[in-house]
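# A look at the structure
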Amino acid sequence: MLDQRIASEENHRCIYKDTFLGKPLCIKRCLSIYRKASIKVLPLVISLLFSFFLMHCGKISKNKFLGLLVLSNPSANNSSVNNTITDTDTSTELSEIDIVQSTTAITNGGSYDFGSVVSGSSSTTITFSIQNSGIASLTLASMPSLSGTNASEFTLSTASTSTSIAAASSTSFTVTFKPTSVGAKSASLTIANNDSDEGSYVIHLTGTGTGDTISPTIATSTITSSFITAVSLSLSWTKAIDNLSTQANLAYQVYYSTTNNITSVADAEANGTIAQTYTNDINSYTLSGLNPSTQYYFNILVKDQAGNKAAYTSTTATTNTNYTSIATWGAGGGNGTSGNGNAEFQNPSGVAIDSSGNLLISDRMNHRVQVLDSSGTYISQFGSYGNGNGQFDEPTGIAIDSSGSIYVIDSKNHRIQRFSSSGVYLGQWGTSGSGNGQFAQPNGIAIDSSGNVYVTDAFLDRVQKFDSSGNYINQWGSAGTGNGQFDEPIGIAIDSSGSIYVIDSKNHRIQKFDSSGNYLGQWGSYGTGNGQFNGPVGIAIGHNNIVYMSDALNHRLQIFDTIGNHLVTIGGTAAGTSTGEFNFPIDIAVDNSGKLYVVEESNHRVQFFQ
């Protein structure tokens with residue numbers, strides 16, 4: 001056995017090299033020196049060689065060294081040595097673990113500091129190398145592990161880590177420090193292995209979580225105003241970026257003032273009026289409730305997740321003057337008389353605007369739809385009296401979908417007819433009755449962004465919902481005065497978020513619903529004050545989500561925001577035929593620039609406001 005062990009030791013590749021008397025020296029050479037030494041000087045040789053190994057042959061235990069001496073000279077008979085040494089040497093005893101980060105060795109029990117890292121959003125990843133500087137394989141008993149108070153702040157990645165490391169080889173692993181809060185953090189990294197004197201290699205990890213102090217970066221600070229009306233406008237801007245927060249987590253708040261005193265974060269917060277609370281990931285906002293003919297200053301503040309803020313470059317805009325009547329179109333120049341010629345009307349009751357800005361007007365008692373351009377010039381018409389395809393019996397509501405198809409309420413035929421953008425008949429649905437998809441003189445119609453069609457079934461006190469082909473989807477409403485109940489619902493409109501507004505005519509109010517018919521709120525009561533109504537009928541939603549409604553028996557228009565705050569009243573409480581006066585305004589259309597087109601049933605005309 002000893003001879004075999006000696007042969008094995010003699011065949012070891014020389015790893016521990018140095019220079020002794022100007023010549024390479026290794027374990028084999030040390031053993032050769034020992035064999036030639038006289039037994040009489042054995043104690044001295046042992047002492048000298050052990051000291052030499054400590055100095056020149058790297059890490060090696062005393063027992064390991066003496067074992068080599070005994071195995072290399074089995075003929076020696078020294079009882080003192082033989083009594084001291086136990087043969088504990090195995091094939092793996094000469095493995096030697098070292099941990100290195102970059103070029104720096106970390107001793108067992110040593111530490112590594114990750115430094116300062118912004119908590120909550122940033123991280124630092126470090127690669128560590130496990131090196132075997134021994135002459136036999138190094139085996140990891142398990143993968144490196146973390147423990148300690150803040151172990152969860154550190155993450156190990158051992159996907160490429162090998163558990164068996166050959167002599168003079170290495171493997172690696174990474175540790176990521178991502179603090180979740182501010183303050184000092186610590187954890188212990190343990191590597192269990194078969195190194196005889198460093199079987200549990202421990203490194204103490206430390207790091208500090210800090211707060212973010214850098215404000216968002218605004219690359220383009222310009223704020224653009226558009227869609228300016230007498231009471232509202234839209235603002236748009238380019239989104240900011242941040243060193244840590246993603247764009248989706250940057251929040252924006254709009255400020256305005258009638259004085260140029262909101263140019264910085266501090267000034268805006270001290271002097272500005274807040275238009276809306278901080279909202280994540282937006283680049284536009286519509287303000288309403290502004291005063292006509294007033295110069296305003298606007299600014300945007302952007303805030304990151306740590307609360308750092310930055311201000312855009314403030315801008316200014318002046319609201320338009322209050323709505324002024326520009327023109328009236330109808331028989332006699334729109335003087336209140338009816339007619340049946342081109343661009344003449346008899347009790348018109350509905351209006352819509354197509355993508356080209358043309359007006360489509362349901363000419364109710366002439367049983368047709370007329371098309372005018374935005375200046376009131378006649379273009380075309382379609383329809384005649386009757387119940388055939390493309391004929392009408394008192395058409396009322398009218399709406400246009402995103403593809404340009406035209407939907408017309410054929411009221412006394414109890415149906416909806418669909419036409420191409422040029423007025424060619426495409427189809428219809430509906431019959432008289434109270435079942436699903438049946439009607440009792442329907443009146444209002446609106447189409448959402450998905451192409452779904454909503455119809456007010458006035459005499460059945462309900463709203464029915466269909467797909468674009470007329471397939472019934474659902475309905476809501478019943479007779480009454482409670483929330484979600486109606487007394488002759490007529491006008492209907494949809495805002496940009498999909499909320500639905502219904503004119504509850506004989507209850508003198510506007511009710512608001514989601515797209516499934518769930519009640520959201522209401523405003524209005526009987527009377528002549530602001531926010532009060534007398535037989536309201538028509539409703540439209542402008543580009544800025546401003547609500548325009550015709551207060552028909554008060555002979556006026558009222559304008560609101562989407563929660564019912566009164567903004568402007570146009571007209572008076574008495575009927576008239578003069579410019580700016582109304583006689584039973586029944587429907588409204590508004591274009592993207594805020595121009596208003598009002599259909600007056602009893603004045604047999606369309607009146608244009610700007």
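It should be noted that the structure appears before, not after, this text.
Residues numbered from 1 in each chain as written. Predicted model: local features only at pLDDT ≥ 70, side-chain atom pairs only at ≥ 80, totals over all residues. Heavy atoms only, no water.

### Quick word on the overall build of the chain
A count of helical and extended segments in the chain gives six helices and 46 strands. Counting every position in the chain, which comprises 610 residues, the buried fraction comes to 49%. Sequence-distant contacts in the chain: of pairs separated by 6 or more residues, those separated by 24 or more amount to 55%. (Helix = DSSP H or I, 4+ residues; strand = E, 2+ residues; numbered from the N terminus. Buried < 20%, exposed > 50% of the residue type's maximum accessible area, 1.4 Å probe, protein only. Contact = heavy atoms within 4.5 Å.)

### Considerations on unusual backbone geometry
Even without being a glycine, Asp 281 presents a positive backbone phi close to 55°. Relative to the assigned elements, Asp 281 resides in the loop between strand E18 (279-280) and strand E19 (284-287). Phi is positive for His 414, which is not a glycine, with a value near 55°. If you trace the backbone, His 414 turns up in the loop between strand E29 (406-410) and strand E30 (415-419). Here His 414 falls in the buried class, since its relative accessible area comes to 18%.

### Description of the sheet that holds strand E44 (residues 585-590)
Note on sheets: strands pair through backbone hydrogen bonds, and any given pair is parallel or antiparallel. Across the sheet, four strands lie side by side as E23-E46-E45-E44; this open sheet has antiparallel pairing. With one partner strand each, in any of the chains shown, strand E23 (325-330) and E44 form the two edges of the open sheet. Averaged over neighbouring strand pairs, the angle between their axes works out to 20° when direction is ignored. One ladder, built from five bridges, connects strand E45 (residues 596-600) with strand E46 (residues 605-609); its direction is antiparallel. Looking at E46, one finds that Leu 596 is bridged to Phe 609. (Pairing = 2+ DSSP bridges. Axes fitted to C-alpha atoms, helices over the stretch in contact; angles between N-to-C directions.)

### Section: the sheet that holds strand E11 (residues 170-177)
Taken together, the five strands give an open sheet; going across it, the order is E4-E3-E6-E11-E9, and neighbouring strands pair in antiparallel fashion. Every interior strand has two partners, whereas the edge strands, strand E4 (104-106) and strand E9 (154-157), have only one. Averaged over all neighbouring strand pairs, the angle between strand axes comes to 30°, with direction disregarded. In terms of strand pairing, E9 meets E11 through four bridges, oriented antiparallel. Residue pairing for E11: Phe 154 is matched across the bridge by Phe 177.

### Here's the deal with the packing of aromatic side chains
Considering all chains together, one arrives at 28 aromatic pairs under this definition. For the ring pair Phe 392 and Phe 419, a centre distance of 5.7 Å and an interplane angle of 50° mean the geometry is tilted. Placement of Phe 392 in the loop between strand E27 (378-382) and strand E28 (395-400) and of Phe 419 in strand E30 is noted, with a sequence separation of 27 residues between them. One exposure class covers both Phe 392 and Phe 419, and it is buried. Where Phe 466 meets Tyr 472, the ring centres are 6.1 Å apart and the plane angle is 75°; that geometry is what we call edge-to-face. Under the relative-accessibility criterion, Phe 466 is labelled buried at 0%. Among the residues examined, Tyr 472 registers a relative accessible area of 31% and is labelled partly exposed. Joined through ring pairs, the aromatic side chains of Tyr 112, Phe 114, Phe 128, Phe 154, Phe 173 and Phe 177 make up one cluster. (Phe/Tyr/Trp six-rings, centres within 6.5 Å; stacked < 30°, edge-to-face > 60°.)

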